[in-house]
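Structural overview for review
Residues per chain, in single letters:
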Amino acid sequence: MSSPAGAAAVTIREVGPRDGLQVEAPTPPGARIRLVQALVDAGVREVEAAAFVSPRAVPAMAGGAEVMAGLPRREGVRYWALVPNLRGAEMGLEAGAGGLSVTVSASPAYSRRNVGMEVEESVAQAAAICGLAGGRVPVDVVVSCAFGSPYEGDLEPGAVAALGRRLTEGGATSLTYADTTGMATPRRVADLLAEVGTDVGLHLHETRGTGLVNAYAAWQAGVRRFDTSVGGLGGSPFAAGAGGNLATESFVHLLDDLGVETGIDLDALLEAAAVVRSIVGHDLPSPLVAAGPRDRLAAGTSGEGGGGALV
Ligand code: ZN
């Protein structure tokens with residue numbers, strides 16, 4: 001088959017230890033460190049490892065400084081901390097975060113109801129965090145609800161892009177557009193990329209089963225940075241029981257087959273998925289974890305004794 005040899009590398013920022021575990025029952029810092037260790041062993045080089053948020057509001061993220069202090073320090077590995085405000089940013093920097101991620105909602109109603117701030121205040125706060133970081137570490141601003149909001153429905157890509165430009169003017173090192181509500185489809189990804197360009201990150205959700213196809217469409221369009229979560233864990237706050245973040249192993253499996261370099265070893269990544277499964281104590285939403293890679297068919301699936309009616 002044709003394989004685009006030397007196809008440009010993709011950078012995956014693994015968000016499982018933060019976005020993935022945030023919605024689970026609280027796990028001690030030691031378990032979260034063990035997960036990051038397994039991910040780094042698999043070749044992951046960018047990890048959102050902790051959040052410096054109120055432990056009352058998000059109990060699962062308590063002990064962020066302890067997590068950061070216990071992470072394996074490796075050449076070329078960067079640990080990101082999610083920070084909701086200036087105080088969180090100070091704590092993240094003190095704890096040794098190599099990058100700060102800050103969320104600004106593209107949806108005015110979502111921002112008001114779920115963040116308790118007007119978008120304007122949120123933009124000003126992101127700029128203040130960029131000022132605090134002062135170029136010492138990168139600040140990635142994640143534009144949430146970039147593909148729509150539960151309150152306003154679809155958002156105008158031009159308006160989302162205008163918000164992005166203001167965040168860049170405010171000092172953001174990079175921007176990541178997030179499909180928080182799972183409303184993106186390939187044509188809507190194309191519509192947004194036509195406005196914002198392809199030098200952006202994408203944070204895609206599987207809420208409606210479109211995460212992987214959206215990532216593929218974005219990759220074909222030229223996007224090279226993606227947030228994914230091991231095992232597909234993560235929040236789908238607007239669709240209870242649905243899949244969470246795009247699963248890291250599903251995307252690596254696809255990129256491997258396309259000959260695209262990620263630096264991540266799929267077998268070792270599946271071991272990290274086993275670690276996260278043992279931490280959360282329930283099955284993972286990731287189909288690849290359930291079925292295994294396409295080139296490793298398990299013994300006992302030869303069809304012998306079956307009804308012969310499977311398609
Ligand atoms: Zn997410």
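The structure under discussion appears in the preceding block.
Keep in mind it's a predicted model, so treat the numbers as computed, not measured.

1. Focus: a negative patch on the surface
Together, Asp-256, Asp-257, Glu-261, Asp-265 and Glu-271 line one region of the surface with negative charge. Turning to its location among the elements, Glu-271 is positioned in helix α11 (residues 266-280).

2. Here's the deal with the coordination of the zinc ion
The protein atoms that coordinate the zinc ion are Asp-19 (OD), His-203 (NE2), His-205 (NE2) and Asn-245 (OD1), at distances of 2.0 to 2.2 Å. Classification of the site at the zinc ion as irregular follows from its four donor atoms and the range of 84 to 166° in their angles at the metal. The sequence motif formed by the donor residues of the zinc ion is D-x183-H-x1-H-x39-N. Within this pair, whereas Asp-19 is found in helix α1 (residues 16-22), its partner His-205 is found in the loop between β7 (201-203) and α9 (211-221), the two being separated by 186 residues in sequence. Overall, Asp-19 belongs to the buried group, its relative accessible area being 9%.

3. Let's talk about the sheet that holds strand β3 (residues 78-82)
One closed barrel holds the eight strands; their spatial order is β1-β2-β3-β4-β5-β6-β7-β8, and the pairing between them is parallel. Direction aside, neighbouring strands of the sheet carry axes that sit 30° apart on average. Taken together, the four bridges between strand β1 (residues 11-14) and strand β8 (residues 225-228) define a ladder with parallel strand orientation. Bridge pairing in β8 links Glu-14 to Thr-228. Contacts from helix α7 (residues 157-169) reach β4 (99-105), β5 (139-144) and β6 (174-178) within the one sheet, and its direction differs from that of β6 by about 150°.

4. Some remarks on the pairing of β8
Sheet topology note: the β7/β8 ladder contains three bridges and is parallel. In the strand pairing of β8, His-203 is matched with Asp-227. A crossover links β7 with its parallel partner β8, the connecting element being α9, and its sense is right-handed.

5. With respect to the packing of α9 against helix α10 (residues 248-258)
Their axes nearest at 10 Å, the elements α9 and α10 cross at an angle of 40°. As judged from the angle between their axes, α9 and α10 are oblique. Here α9 runs over α10; the crossing is right-handed. Across the interface between the two elements, Leu-212, Ala-215, Tyr-216 and Trp-219 from α9 touch Ser-250, Phe-251, Leu-254, Leu-255 and Leu-258 from α10. A breakdown of the residues in the contact of α9 with α10 according to their chemical character gives eight nonpolar, one polar and no charged.

6. Section: the side chain of Thr-180
Relative to the helices and strands, Thr-180 resides in the loop between β6 and α8 (186-196). A distance of 2.8 Å separates the side chain of Thr-180 from the backbone nitrogen of Cys-145, its partner in a polar contact.

7. Some remarks on the nonpolar core
A general trend in soluble globular proteins is that nonpolar side chains are found buried together. Of all hydrophobic cores here, the largest spans 89 residues; its most connected members are Met-68, Tyr-79, Leu-100, Leu-167, Tyr-177, Leu-202 and Phe-226. Sort the elements by how many residues they give to this core and α11 lands first, with nine residues. Other than its neighbours up to four places away in sequence, Phe-226 contacts Val-10, Thr-11, Ile-12, Arg-13, Leu-202, Leu-204, Ala-215, Ala-218, Trp-219 and Phe-251.

8. Quick word on the side chain of Glu-206
Tracing the backbone shows Glu-206 in the loop between β7 and α9. Looking at Glu-206, its side chain comes within polar contact range of the main-chain nitrogen of Gly-211, at 2.7 Å. In terms of polar contacts, Glu-206 uses its side chain to reach the backbone amide nitrogen of Leu-212, at 3.0 Å.

9. Quick word on the packing of aromatic side chains
By the definition in use, this model includes two aromatic pairs. Taking the centre distance of 6.2 Å and the plane angle of 20° together, the rings of Tyr-216 and Trp-219 count as stacked. With Tyr-216 and Trp-219 both in helix α9, this residue pair falls three residues apart, about one helical turn. On the basis of an interplanar angle of 70° and a centroid distance of 4.8 Å, the ring pair of Phe-226 and Phe-251 is categorised as edge-to-face. Of the two residues, Phe-226 is situated in strand β8 and Phe-251 in helix α10; the sequence distance between them amounts to 25 residues. For Phe-226, a relative accessible area of 2% gives the class buried. The side chain of Arg-13 reaches across the aromatic face of Trp-80, ending 4.8 Å from its centre. Here Arg-113 stacks its cationic end above the ring of Tyr-151, 4.1 Å away from the centre of that ring.

So, how was this worked out
- Residues numbered from 1 in each chain as written.
- Predicted model: local features only at pLDDT ≥ 70, side-chain atom pairs only at ≥ 80, totals over all residues.
- Heavy atoms only, no water.
- Patch = residues over 30% accessible without salt bridge, like charges linked within 9 Å, V, L, I, M, F, W, Y side chains within 5 Å.
- Areas by Shrake-Rupley, 256 points an atom, 1.4 Å probe, with all protein chains shown as cover.
- Salt bridge = Lys/Arg side-chain N within 4 Å of Asp/Glu carboxyl O.
- Lys, Arg positive; Asp, Glu negative; His and termini not counted.
- Charge placed at Lys NZ, Arg CZ, Asp CG, Glu CD.
- Helix = DSSP H or I, 4+ residues; strand = E, 2+ residues; numbered from the N terminus.
- Donors = N, O, S within 2.8 Å, 3.2 Å for Na, K, Ca; no water.
- Tetrahedral: all angles 85-135°; square planar, octahedral: opposite > 155°, others 65-115°.
- Buried < 20%, exposed > 50% of the residue type's maximum accessible area, 1.4 Å probe, protein only.
- Pairing = 2+ DSSP bridges.
- Axes fitted to C-alpha atoms, helices over the stretch in contact; angles between N-to-C directions.
- Contact = heavy atoms within 4.5 Å.
- Right-handed = clockwise from strand over helix to strand, strands pointing away.
- Parallel < 35°, antiparallel > 145°, perpendicular 65-115°, else oblique.
- Left-handed = near helix turned anticlockwise from the far one by under 90°.
- Nonpolar A, V, L, I, M, F, W, Y, C, P; charged D, E, K, R; others polar.
- Polar contact = N/O pair within 3.5 Å; in protein donor to acceptor, adjacent residues only side chain to side chain.
- Core = buried A, V, L, I, M, F, W, Y, C linked by side-chain atoms within 4.5 Å.
- Phe/Tyr/Trp six-rings, centres within 6.5 Å; stacked < 30°, edge-to-face > 60°.
- Lys NZ or Arg CZ within 6 Å of the ring centre and 35° of its normal.

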